[in-house]
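Here's the letter readout for the chains.
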Amino acid sequence: MICTGGHPSGRRLAKSLGHSIIQPVPSLFSFSTSENSLRSCSGITLDVQIKLTVNKKKYAGEGPILITHKGFSGPVILRLSAFSARTLYTNNYRGELRINWLCMNEDEARFKLDVYKLGNGKKLVFNNKPFDSLPRSLWKAIVLSLNIDTQKKWADISKFEKDSLVKCLIMKTYLINSRGPFGEEFVTAGGVSLKEIDFKTMESKICKGVFFAGEVLDIDGVTGGFNFQHCWTSGWVAGQSVVL
Ligand SMILES: Cc1cc2nc3c(=O)[nH]c(=O)nc-3n(C[C@H](O)[C@H](O)[C@H](O)COP(=O)(O)OP(=O)(O)OC[C@H]3O[C@@H](n4cnc5c(N)ncnc54)[C@H](O)[C@@H]3O)c2cc1C
């Protein structure tokens, strides 16, 4: 039985026995960006809507993001990395990540800002945010990134500054230039072709008496235990069949 996980030795052995190998690429990884305006926010998590464009292909997701010291991680990023794993691989892990930090449309965000401005004219923009769900340090980082004077009061904010704030809050694009460090990905996409496996027994159709289980196969799931489940299930089936 070959159950070597993502390690290349198992795929090499399978290939030497005549199996086709779907090119292995990392999946479930974090994104790195050269943009440093969010460095002070590392460790923050919040719910966002995201859109990833890689070489004209588009992916979308919604859920918790984690700002890291190098970029972005968390469930919504890992999930998107799984769906875009091959496209990102061929594009050298370059893409554009558009984040809606508020999960609101432009009109809603603008309205909230206008109402807040009316009622809080004497307060400083830097220290007072109209959006409760937005972490304070993220608000401050966004204000600073737009070069809005930290002493500016809400009453004095210009239309241009207000427009910039709205755009940055709901449609800011961050350039992704690589993935998290090699080896930190959770799973390998690709492996022994599923066409060559009998799922009832996990035996090879190419080489009788050889069984496969787990990540060495061309199966990868999103986060949530699906990879474990596949490994346990295929391991159980293969284990039962091997002793028959
Ligand atoms: C940090 C991290 C977090 C993860 N989190 C999740 C999660 O939350 N949910 C989820 O579903 N999945 C998760 N995964 C993925 C999941 O752990 C793997 O998909 C799963 O463990 C793979 O099981 P496996 O038995 O196929 O391989 P492995 O568990 O990798 O076992 C393979 C074994 O084979 C051995 N081996 C390799 N080559 C040889 C060789 N040539 N000779 C002899 N022995 C060899 C290895 O030493 C290893 O013991 C995570 C993975 C990582 C790295």
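So, how was this worked out
- Residues numbered from 1 in each chain as written.
- Predicted model: local features only at pLDDT ≥ 70, side-chain atom pairs only at ≥ 80, totals over all residues.
- Near = placed C-beta within 6 Å.
- Helix = DSSP H or I, 4+ residues; strand = E, 2+ residues; numbered from the N terminus.
- Nonpolar A, V, L, I, M, F, W, Y, C, P; charged D, E, K, R; others polar.
- Buried ≥ 20, exposed ≤ 12 C-beta atoms within 10 Å, placed from the backbone.
- Pairing = 2+ DSSP bridges.
- Axes fitted to C-alpha atoms, helices over the stretch in contact; angles between N-to-C directions.
- Contact = placed C-beta atoms within 7 Å.
- Domains from an automatic or database assignment.
- Expected span 1.5 Å × (residues − 1).
- Arc of directions from axis to C-beta.
- Parallel < 35°, antiparallel > 145°, perpendicular 65-115°, else oblique.
- Left-handed = near helix turned anticlockwise from the far one by under 90°.

A. Inspection of the site of the ligand at higher detail. Around the ligand, a shell composed of 16 residues is seen, among which Gly 5, Ser 9, Gly 214, Asn 227 and Phe 228 lie nearest. Contributing elements (two or more residues each) for the shell around the ligand: α1 (8-16) and α7 (226-242). The element that contributes the greatest number of residues to the shell around the ligand is α7, accounting for four residues. A class-by-class count of the residues in the shell around the ligand yields six nonpolar, nine polar and one charged.

B. Spotlight on the pairing of strand β8 (residues 187-192). A large share of β8 lies buried, amounting to six of its six residues. Across five bridges, the pairing between strand β1 (residues 21-27) and β8 is antiparallel. Across the sheet, the residue bridging to Pro 26 is Thr 188, located in β8.

C. Looking closely at the sheet that holds strand β3 (residues 45-54). Pairing is antiparallel around the closed barrel formed by six strands, whose spatial order is β2-β5-β4-β3-β6-β7. Each neighbouring strand pair of the sheet contributes to a mean axis angle of 45°, computed without reference to strand direction. Sheet topology note: the β3/strand β6 (residues 95-100) ladder contains five bridges and is antiparallel. Looking at β6, one finds that Ile 50 is bridged to Ile 99. Of the strands in this sheet, β2 (31-33), β3, β4 (57-67) and β5 (71-73) touch helix α2 (residues 75-83), which is tilted by about 155° from β4.

D. Representation of the domain arrangement of the chain. Split by domain assignment, the chain resolves into domain 1 (8-26 + 186-242) and domain 2 (29-185). Centre-to-centre, using C-alpha coordinates, domain 1 lies 38 Å away from domain 2. Counting residues per element, the ones that place at least two in the side of domain 1 that touches domain 2 are β1 and β8. Here the side of domain 1 that touches domain 2 is built from residues that sort into six nonpolar, one polar and one charged.

E. Broad picture of helix α6 (residues 159-171). Over its 13 residues, α6 runs 18 Å from end to end, which matches the ideal 18 Å to within 8%, given 1.5 Å per residue. All of the buried residues along α6 are Leu 165, Val 166, Leu 169 and Ile 170. Buried positions in α6, seen along its axis, are confined to an arc of 105° and lie on one side of it. Of the surrounding elements, those touching the buried residues of α6 are β6, α4 (106-119) and α5 (136-145).

F. Structural context of the packing of α4 against α6. Two numbers describe how α4 lies on α6: the axes approach to 10 Å, and their chain directions differ by 130°. Compared by their axis directions, α4 and α6 come out oblique. When the axes of α4 and α6 are compared, the crossing they make is right-handed. Across the interface between the two elements, Glu 106, Ala 109, Arg 110 and Leu 113 from α4 touch Lys 162, Leu 165, Val 166, Leu 169 and Ile 170 from α6. Split by residue class, the contact of α4 with α6 holds six nonpolar, no polar and three charged.

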